[in-house]
Amino acid sequence: MKIAMLGSGFIARFYAESLHSQRRKDHLVMVYSRNEENAKRFAGDYNLPHYTTSMEEAIAHPDVEIVLISLPNHLHEVAVGVCAKFKKHVICTKPLGRTAKEAKRMLDQVEKAGIFGGYLEDLCYTPKFLKSMASIKRGEIGNVLWTKSREAHPGPHSDWFWDKEKSGGGAIIDLGCHCVEIGRNFIGKNIKPLEVMCWADTQVHPIEAEDHAIGLVKYANGAIGQFEVSWTFRGGMDLRDEVMGTEGTIWINSFLRTGFEMFTTGKGGDGYVAEKAESNCGWLFR
């Protein structure tokens, strides 16, 4: 499909790299950015034929078949509304909305317009995760009793994350959306959550929202989903998942490791090293 990218920042480039690095027919043809220079640079970097600073122009363009929303949280609903107006399929980065009511309004617009709406959750589709899900579906760890998902790092890249009005919250909405979805996958998406207990605090960053939180979700079948999220962790990205069943246990550890390790003095440049890396010298793990 021919895709319009809404946004030209950090996450937009992640999506673009993934799309254009694969031998597939789906490809970007348009980028929208609120900053014309950024839009032009993005279009040049990924060899896109069109760029614009008008959201409506990007979405309504005749070459565009589906729209990928990679915008700050407070702009998601606006973008979905324009997609509904022009009957363009839409896929949206996380979190879908800043509140449950906002997310529901977005879903209602998509359904009323009769267009496809997709939610771009990524951590539930890593090779490790998919293998663990296959094991669970085969009954290899029995009935799932308890899940635990942790995501922690030093904090977001963009300034708008620190504005509670724009982001919708702190570490819970930014990271907890991954962790809760991971737990739902392990326990079963058709099983309803019944109770939530959560502790949250602002410990390090001078912001209105929480930068550290721990929560428990109780499901209708008795299973418990636990999440741990933080913008206060130093040392990179900490990603870990655990599942305990009546017949076994699964541990998934993605903490700082993808199999590539490198030592550098840092004198060669300031290129991208790894997600949430706090240094570009010494031993680096990708």
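Summarised in this report is the structure supplied together with it. Source: prediction; values computed, not measured.

**Topic: the environment of R34**
And then number 1: Mapped onto the elements, R34 comes out in the loop between β2 (27–32) and α2 (36–45).
And then number 2: A C-alpha to C-alpha distance of 40 Å links R34 and M133, two positions 99 residues apart in sequence.

**A short note on unusual backbone geometry**
And then number 1: Here K94 and P95 are connected by a cis peptide whose omega angle stands at -15°.
And then number 2: The topology assignment puts P95 in the loop between β5 (89–93) and α5 (100–113).
And then number 3: At N47, a residue that is not glycine, the phi angle is positive and equals roughly 55°.
And then number 4: Among the structural elements, N47 can be located in the loop between α2 and β3 (50–52).
And then number 5: On the basis of relative accessible area, N47 is assigned to the exposed category, the value being 68%.
And then number 6: Positive phi is not limited to glycine here, since K87 has a value of about 60°.
And then number 7: Within the secondary structure layout, K87 lies in the loop between α4 (76–85) and β5.

**Considering the sheet that holds β5**
And then number 1: Taken in spatial order, the 6 strands make up an open sheet running β3-β2-β1-β4-β5-β6, and their pairing is parallel. Either end of the sheet is taken by a strand with one partner, and the two such strands are β3 and β6 (117–120). Neighbouring strand axes in the sheet, compared pairwise and without regard to direction, differ in orientation by 25° on average.
And then number 2: Two elements, strand β1 (residues 2–6) and strand β4 (residues 66–69), share 4 bridges in a ladder whose sense is parallel. Its bridge partner being in β4, M5 is matched across the sheet by L68.
And then number 3: Relative to β3, α2 is tilted by about 165°, and along the sheet it contacts β1, β2 and β3.
And then number 4: Across the sheet, α4 touches β1, β4 and β5, and the angle it forms with β4 is around 175°.

Scoring rules and cut-offs
Note on numbering: residues in each chain are counted from 1, in written sequence order. Local features in this predicted model are restricted to residues of pLDDT 70 or higher, and side-chain atom pairs are both shown and tallied only at a pLDDT of 80 or more, whereas totals for entire chains, interfaces and linings draw on every residue. Computation of side-chain values: all heavy atoms of the structure, hydrogens and water removed. Secondary structure elements are defined from DSSP: runs of H or I of at least 4 residues count as helices, runs of E of at least 2 residues count as strands, and each element is numbered from the N terminus. Burial classes follow relative accessibility: with a 1.4 Å probe on protein chains only, a residue under 20% of its type's maximum area counts as buried, one over 50% as exposed, and anything between as partly exposed. In this analysis, strands are considered paired if DSSP registers two or more bridges between them. Axes here refer to lines fitted to C-alpha atoms; in helices the fit is confined to the stretch in contact. Angles between the N-to-C directions go from 0 to 180 degrees. Any two residues whose heavy atoms approach within 4.5 Å are treated as being in contact.

Remember, this is a structural readout, not a statement about activity or role.
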